[in-house]
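Tertiary structure, described
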Amino acid sequence: MFARVQNNDFSQQQLYDELAADSVLQGAGAIVTFTGLVRDFNAQGGIQGIELEYYPGMTESALEALLAQASQRFDIVDAGIVHRVGKLANHAQIVWVGTASQHREQAFLAATYIMDMLKQSVPIWKKEWQDDVACWVAAKADDDKAAMRWLSAEKGPSCNKA
Amino acid sequence: MFARVQNNDFSQQQLYDELAADSVLQGAGAIVTFTGLVRDFNAQGGIQGIELEYYPGMTESALEALLAQASQRFDIVDAGIVHRVGKLANHAQIVWVGTASQHREQAFLAATYIMDMLKQSVPIWKKEWQDDVACWVAAKADDDKAAMRWLSAEKGPSCNKA
Amino acid sequence: MVTVKFFAQVRELAGVESLQAPLPQPATVDALRNQLMQQSPALNEALQGNVLMAHNQSLCDGNTVIAEQDEVAFFPPVTGG
Amino acid sequence: MVTVKFFAQVRELAGVESLQAPLPQPATVDALRNQLMQQSPALNEALQGNVLMAHNQSLCDGNTVIAEQDEVAFFPPVTGG
């Protein structure tokens, strides 16, 4: 398992190979990857890139905790997350999530879960540049709902929002 | 959209780049990939690779039809499938599916749908080599159920099994 | 005549990949299948049970109507992916 | 003393990234938040509304008990991914 926060871009091939190398030896027959990209527009029109702030220390542990939760909840043999921070241009890669499992359903579910929970619980904040002004992006109700779908199936989160 | 049947191996990076190139210009913010790998065992023990037979002509059109169905059913901007045939060693890549969408949920659903339907409707048959004997793999009830989940939400398939 | 193709276990049991058959009466896929099953013990065994059918390279059912020059294929449930 | 950190909009409104604050009475995250909000109009505005809280780098709620040397952070709902 690997969880990384970095400014540099990442290589699809390298991350796939890293995840697959051990996974196939552990019987993985299915690898799912998710990549998030900077879109060049928002509801107000075109944007000129984004900027991501994070909480050094906590962000890394939150990503590691998320991988541990996903491993407990789903039948996966390995998983990894890489999240970029800092200034990112339109169309740049933002985040990569990979999951490996014996069977495809668990790999798909685990990757979906990791992304849904990441968007609700990992301390990273996004600004969008628009006409030389950078505006913080508001959290989406859709993202809350996506995470709640998983949480409602649990006994209850150990820690609540304010 | 691209659908290919080939004997040669494929490159994760090349297929990702091919899918992403147009997709980002069409507003894609989410790319999901699925890769199926040859596992080195089955219920009877270790295996020594697999062999895949297909129906030249029909296999390609079935893959194209599947992409068209997925595009109609889900809010995706692009998708691709590559399926290998012939002899494949343990741990080799068998199939790659990629989907690109503005939002991650649709990309995940479309990739899951394509794999579920591929396993039920695309003419490809798998043999496993075990102690110098090649045995045809039986279709899995799980795979039928996975496909039925999608079909039951439709008006009914236009074409039935015998 | 119609072109008949077999794949995977069905092909192995039939002992042939492809053959030409006269258009059956009635001209349906089921009638073709029955006609072939009476042709030889090998074809009888190959076409028994859960066999999928394609007409001109699209999955079809037994009631599908066929014409001269059409292509019909018989094969087991698929196991790709 | 406890170390207090702010991120994103909360940091910008607070006008500071980090500060040291005396342990409040009672020693909870909510009490610390109230103490900070009384300290300046900027902090008052920054800590209003839907603000998430972390105690020693784990998400927590306002009842969480804190001790000397702990790290508490306030930030808006996250928007990564």
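So, here is what we can say about the structure in this document. Residues take numbers from 1 onward in each chain, read along the sequence in its written order. Here chains are named by letter from A upward and ligands by number from 1 upward, in the order in which they appear as written. Local features in this predicted model are restricted to residues whose pLDDT is 70 or higher, and side-chain atom pairs enter the listing and the counts only when it is 80 or higher, whereas totals over whole chains, interfaces and linings include all residues. Heavy atoms throughout the structure, all of them, feed into the side-chain values; hydrogens and water do not.

Here we take up the overall build of chain A. Note on conventions: DSSP H or I runs of at least 4 residues are helices, E runs of at least 2 residues are strands, and numbering of each starts at the N terminus. On a plain count of helices and strands, chain A comes out with four helices and ten strands. Scanning chain A from its N terminus toward the C terminus, one meets helices and strands in the order β-α-β-β-β-β-α-β-β-β-α-β-β-α. Computation of the radius of gyration draws on C-alpha atoms, with the globule rule given as 2.2 Å multiplied by the number of residues to the power 0.38. In terms of overall dimensions, chain A is globule-like: its C-alpha atoms have a radius of gyration of 16 Å, near the 15 Å expected for 162 residues. In terms of principal-axis extent, the alpha carbons of chain A reach across some 50 × 40 × 30 Å. For every residue, the accessible area (1.4 Å probe, protein chains only) is compared with the maximum for its type, and the residue is labelled buried under 20%, exposed over 50%, or partly exposed between those bounds. Counting all 162 residues of chain A, 54% fall into the buried class. Accessible surface computed for chain A: about 6900 Å², of which carbon and sulfur atoms make up 49%. The averaged location of the 20 negative side-chain charges in chain A is 5 Å from the averaged location of its 14 positive side-chain charges. Here the open area of atoms and residues is found with the Shrake-Rupley method and a 1.4 Å probe, where only the protein chains shown may cover a residue. When charges are counted, Lys and Arg contribute as positive and Asp and Glu as negative, whereas His and the chain ends are disregarded. The location of each charge is read from NZ of Lys, CZ of Arg, CG of Asp or CD of Glu.

This paragraph deals with the interface of chain A and chain D. For this analysis, residues touch if any pair of their heavy atoms sits within 4.5 Å. Between chain A and chain D, the residue contacts involve 29 residues of the former and 25 residues of the latter. Buried area between chain A and chain D, summed over both chains or domains, comes out near 2200 Å², and the portion from carbon and sulfur atoms is 59%. Any carboxyl oxygen of Asp or Glu within 4 Å of a side-chain nitrogen of Lys or Arg constitutes a salt bridge here. Where chain A packs against chain D, one counts two salt bridges. As a salt-bridge pair, Lys127(A) and Glu12(D) come within 2.7 Å of each other at their nearest N and O atoms. A 3.5 Å cut-off defines polar contacts: any pair of N or O atoms within that distance qualifies, except that in protein one atom must be a possible hydrogen donor and the other a possible acceptor, and neighbouring residues in sequence count only when both atoms are side-chain atoms. In this structure, the connection of chain A to chain D is made through twelve residue pairs in polar contact (both at pLDDT 80 or more). Those elements that place two or more of their residues in the side of chain A that touches chain D are strand 5 (50-54), helix 2 (58-73), strand 8 (93-101), helix 3 (104-121) and strand 9 (124-130) of chain A. The biggest single contributor to the side of chain A that touches chain D is helix 3 of chain A, with five residues. By convention, the term buried area covers the 1.4 Å-probe accessible surface removed from two parts as they join, with the contributions of both added.

Any functional reading would require information beyond the geometric quantities listed.
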